[in-house]
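# Chain and residue survey
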Amino acid sequence: MPDRRKAGTSVDAVIVGAGFSGLYLLHRLRGLGFSTRVFERGADVGGTWYWNRYPGARCDVESMQYSYSFDEDLQQEWHWPEKFSAQPDILAYANHVADRFDLKKDITFDTTVTAAHFDEAARRWTIETDTGERIRAQFFVMATGCISTAQIPAIEGIDSYKGRTFHTGAWPHEKVDFTGERIAVIGTGSSGIQAIPVLAQEAAHVTVFQRTPNYSLPSQNCPMTDEYERSWKEHYTDLRENMRSSFHGSLKDLNDRPALSVSETERQETYQKRWDIGGTPFLGSFNDLLTDKEANDTAAEFVRQQIKKIVKDPATADLLGPKTYPIGTKRICVDSGYFETYNRDNVDLVDISETPIERFTPDGLVVDGKHYAVDSVVFATGFDAMTGTLFRVDIRGRGGQALKEKWEAGPRTYLGLMSEAFPNMFMITGPGSPSVKSNMIISIEQHVDLVTDSLVHMRANGLETMEPERQAEDDWVDHVQEAANRTLFPLANSWYMGSNIPGKPRLFTPYIGGVGRYRQICEQMVADGYKGFRFERKAAAAAE
Ligand code: N01
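Given the structure is predicted, the values throughout are model-derived calculations rather than measurements.

The rules behind each value
- Residues numbered from 1 in each chain as written.
- Predicted model: local features only at pLDDT ≥ 70, side-chain atom pairs only at ≥ 80, totals over all residues.
- Heavy atoms only, no water.
- Helix = DSSP H or I, 4+ residues; strand = E, 2+ residues; numbered from the N terminus.
- Rg over C-alpha atoms; globule rule 2.2 N^0.38 Å.
- Buried < 20%, exposed > 50% of the residue type's maximum accessible area, 1.4 Å probe, protein only.
- Contact = heavy atoms within 4.5 Å.
- Lys, Arg positive; Asp, Glu negative; His and termini not counted.
- Charge placed at Lys NZ, Arg CZ, Asp CG, Glu CD.
- Near = heavy atom within 4 Å.
- Polar contact = N/O pair within 3.5 Å; in protein donor to acceptor, adjacent residues only side chain to side chain.
- Areas by Shrake-Rupley, 256 points an atom, 1.4 Å probe, with all protein chains shown as cover.
- Nonpolar A, V, L, I, M, F, W, Y, C, P; charged D, E, K, R; others polar.
- Pairing = 2+ DSSP bridges.
- Axes fitted to C-alpha atoms, helices over the stretch in contact; angles between N-to-C directions.
- Parallel < 35°, antiparallel > 145°, perpendicular 65-115°, else oblique.
- Expected span 1.5 Å × (residues − 1).
- Phe/Tyr/Trp six-rings, centres within 6.5 Å; stacked < 30°, edge-to-face > 60°.
- Lys NZ or Arg CZ within 6 Å of the ring centre and 35° of its normal.
- Salt bridge = Lys/Arg side-chain N within 4 Å of Asp/Glu carboxyl O.
- Disulfide = S-S within 2.5 Å.

Right, let's talk about the overall build of the protein for a bit. Counting its regular elements, the protein contains 16 helices and 20 strands. Radius of gyration (C-alpha) of the protein: 24 Å, near the 24 Å computed for a compact globule of 544 residues. For the protein, with 544 residues in total, the buried portion stands at 57%. For the protein, the share of sequence-separated contacts (at least 6 apart) that also reach a separation of at least 24 residues comes to 71%. A gap of 3 Å separates the mean positions of the 60 positive and 76 negative side-chain charges of the protein.

Here it is as structure tokens:
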């Protein structure tokens, strides 16, 4: 039954999403005395970690860093079992946080927000849900995550396929048994690369359909040691502060030397050392890997050579080696035994870079005239990232303008936080903020704190609406692109660039200027009296 207990009511703030953004924002707003409702389309909390339950799902930011920092007792008491946490552990953590701070009572689950319209006369948002609820709020916050709209490509005959289909981003809650099955996996991004080794252990046969090979680094994951855990917990205050001012929102020992300034021997030793340590610090081997193509080539070649050492069949190894884009410019992957999986007898790789999947049949799929009969298809085909989830809600600001129309040529935000003509609508880690180019939880906390500080500022000063100035927004949009253009990122066809969605404008959507720098910009904006934002005062009669 839909929750209609508060139908037609009005609250200070409506939050969409009960992932890490929505949970922390609810906690903060409630603590500050703002009445708040959260709507969540899932049946429980956790966001990304609620939906992405595919076998092998794991975070590639270290657990000691991929966790909330806002509560000292929480960060001291929580124990992570592994260096890189598996999805069930992260979901358990989200549930623990929700219970610890008694958040679930203000969250309405199984409910999708379908529309949010700004009423200019009343200066209030009217929010509608798919359960027929209608609620008014002064503030409307999309805390919907950057990668939450799963994408299944439109391939001919897909509806005629009679076997089971799955998307990594909408995985069933019950265990899926692939024993004895022939599986097709389409997609070799982070999700596919994590799922394939686990699927291969269970299924009779796995055929991987690869359009673009990905650079992947070994995670070298291991159980958490007391010593490592203690080294973080004893210094959490300082370490978290360092994370907040770092480039990525995480600490990863960045080498401050250019790749070509050292000898070939030293370069190879550096790469090897970081490969052995595991995870994304490999990209910090030198300071110019993402800005200098020649430097980047040396790291890319090192990884290709590693693949050749691991994969026994030379033709397969060659296919798995990325050659068409610089390393790191598509999201770098981190794996547990991915390349080794291709040495198994029950795993085949099919290159579809030149010959796309032609069509599905009732019992399989056809590539280059060859039919592959499969019992199940796993789509690891990614997401309509950054804007897809925002556009699924009919959001209308001043003059009834739709967000989707305003952003037709690409997202337009000031600081990735708000968009002009959409007063009092905030986005947590929206397009134009460090978001997916950072440790998400650090960026979430910063945005949530910025939103709550803004609301407190408004309340204290009798202000009723907040909205970016057009010029500030235009300048920020330019700055986001300038920052990207100083890097190699625009050279890749990635979801950062919107390239994975047919018809999507091709531009770099997150802010790549660095987490620490972005934080400083935001702090300066506040110190300058919320420079770039304009406010409307409460009408005298309306003011209490
Ligand atoms: O999605 P992706 P993902 N025919 O878009 C292919 C985060 N994440 O779910 O590269 C055939 O990266 C597509 O091919 P191409 C992380 O930020 C984090 O894997 O477009 N293939 C690609 O290979 C990540 O980046 C973690 O040519 C098609 C794949 O599908 C983001 O989520 C774990 C196709 C999609 O890769 C998304 O990752 C998992 C088609 N029509 C995810 N369409 C960790 O923290 C698409 N593809 C570790």
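Looking now at the site of the ligand. For the ligand, the set of nearby residues contains 23 residues, the closest of which are Ser 191, Arg 211, Thr 212, Lys 330 and Trp 495. One nitrogen or oxygen atom from the side chain of Arg 331 is found 3.3 Å from an oxygen atom belonging to the ligand. One of the backbone nitrogen or oxygen atoms of Ala 380 is found 3.2 Å away from an oxygen atom of the ligand. For the ligand, the accessible surface in isolation is 920 Å², of which the surrounding protein chains cover 87%. Top contributing element to the shell around the ligand by residue count: helix H5 (residues 190-202), with three residues. Tallied by class, the residues present in the shell around the ligand amount to nine nonpolar, nine polar and five charged.

In this section: the pairing of strand S13 (residues 357-361). Along any regular strand the residues' side chains alternate between the sheet's two faces. When S13 meets strand S14 (residues 364-367), the two strands line up antiparallel, connected through four bridges. Within S14, the position partnered with Phe 360 by the bridge is Leu 365. What sits between the antiparallel neighbours S13 and S14 is a turn of two residues.

Below, the discussion takes up the packing of helix H7 (residues 236-245) against helix H16 (residues 515-527). To describe two helices that pack against each other, one gives the angle between their axes and the distance between the axes. At a closest axis distance of 6 Å, the pairing of H7 and H16 adopts a crossing angle of 85 degrees. Taken together, H7 and H16 sit at an angle that is classed as roughly perpendicular. Two secondary-structure elements touch here, H7 through Met 243, Arg 244 and Ser 245 and H16 through Val 515, Gly 516 and Arg 519. When grouped by side-chain class, the residues that make up the contact of H7 with H16 number two nonpolar, two polar and two charged.

A word on H16. With 13 residues, H16 ought to run about 18 Å at 1.5 Å a step, and its terminal C-alpha atoms sit 18 Å apart, in line with that. Every buried residue belonging to H16 is among Val 515, Gly 516, Tyr 518, Arg 519, Cys 522 and Met 525, and all of these are buried. Elements that come into contact with the buried residues of H16 comprise H7, helix H14 (440-460), helix H15 (470-485) and strand S20 (533-537). The positive-phi residue at the C-terminal boundary of H16 is Gly 529, with phi of around 70 degrees.

Let's shift gears to the packing of aromatic side chains. Overall, the coordinates contain 41 aromatic pairs when judged by the stated rule. Ring centres 4.9 Å apart and planes at 50 degrees place the aromatic pair Trp 476 and Tyr 511 in the tilted group. Here Trp 476 is found in helix H15, whereas its partner Tyr 511 is found in the loop between H15 and H16, with 35 residues between them in sequence. Both residues of the pair, Trp 476 and Tyr 511, count as buried. One aromatic cluster is present, formed by Phe 20, Tyr 24, Trp 49, Tyr 66, Tyr 68, Phe 70, Trp 78, Trp 80, Tyr 93 and Phe 101 through successive ring pairs. Across from the ring centre of Tyr 325, 5.6 Å away, lies the NZ or CZ of Lys 330, which sits over that ring.

Turning next to the pattern of salt bridges. When their charged atoms lie close together, side chains carrying opposite charge are able to pair. Under the criterion given, the structure shown has 34 salt bridges. Salt-bridge contacts for Arg 123 lead to Glu 464; the nearest nitrogen and oxygen are separated by 3.0 Å. Within this pair, whereas Arg 123 is found in the loop between strand S4 (113-119) and strand S5 (124-129), its partner Glu 464 is found in strand S19 (residues 463-468), the two being separated by 341 residues in sequence. Using a relative accessible area of 9% as the deciding quantity, one classes Glu 464 as buried. A salt bridge links Glu 467 to Arg 398; the nearest nitrogen and oxygen atoms lie 2.7 Å apart. A residue pair is termed long-range when its members are at least 10 positions apart, and Glu 467 in strand S19 and Arg 398 in the loop between strand S17 (394-396) and helix H13 (403-406) qualify at 69 residues. The buried category is assigned to Arg 398, whose relative accessible area is 18%.

If you trace the five strands from one edge of the open sheet to the other, you get S7-S16-S8-S9-S12, paired in parallel fashion. Two strands lie at the open edges of the sheet, namely strand S7 (164-167) and strand S12 (347-351), each paired on one side alone. Adjacent strand axes in the sheet meet at a mean angle of 20 degrees, parallel and antiparallel pairs treated alike. Pairing geometry for S7 and strand S16 (residues 376-379), over four bridges, is parallel. Bridge pairing links Phe 166 to Val 378 in S16.

For Gly 249, the position within the fold is in the loop between H7 and helix H8 (264-277). Between the C-alpha atom of Gly 249 and that of Ala 380, which follows or precedes it by 131 residues, the distance is 27 Å. Here Gly 249 is in contact with Met 243, Asn 439, Ile 442 and Val 515, once residues within four sequence places are set aside.

Taken as a whole, this structure holds zero disulfides when the rule is applied. The thiol sulfur of Cys 222 is not disulfide-bonded, and the nearest other cysteine sulfur, from Cys 59, lies at 15 Å. Take Cys 222: its relative accessible area is 34%, and that puts it in the partly exposed class. With no disulfide of its own, Cys 522 lies 15 Å from the sulfur of Cys 146, the closest cysteine sulfur.

A few words now on the sheet that holds S14. With antiparallel pairing, the three strands of this open sheet are ordered in space as S13-S14-S15. Strands at the two margins of the open sheet, each flanked by one partner only, are S13 and strand S15 (370-373). Each strand of the sheet is rotated relative to its neighbour by a mean of 25 degrees, with strand direction disregarded. Note: S14 against S15, four bridges, orientation antiparallel. Note on S15: the bridge partner recorded for Leu 365 is Tyr 372.

Function cannot be inferred from these measures alone, as they are strictly geometric.
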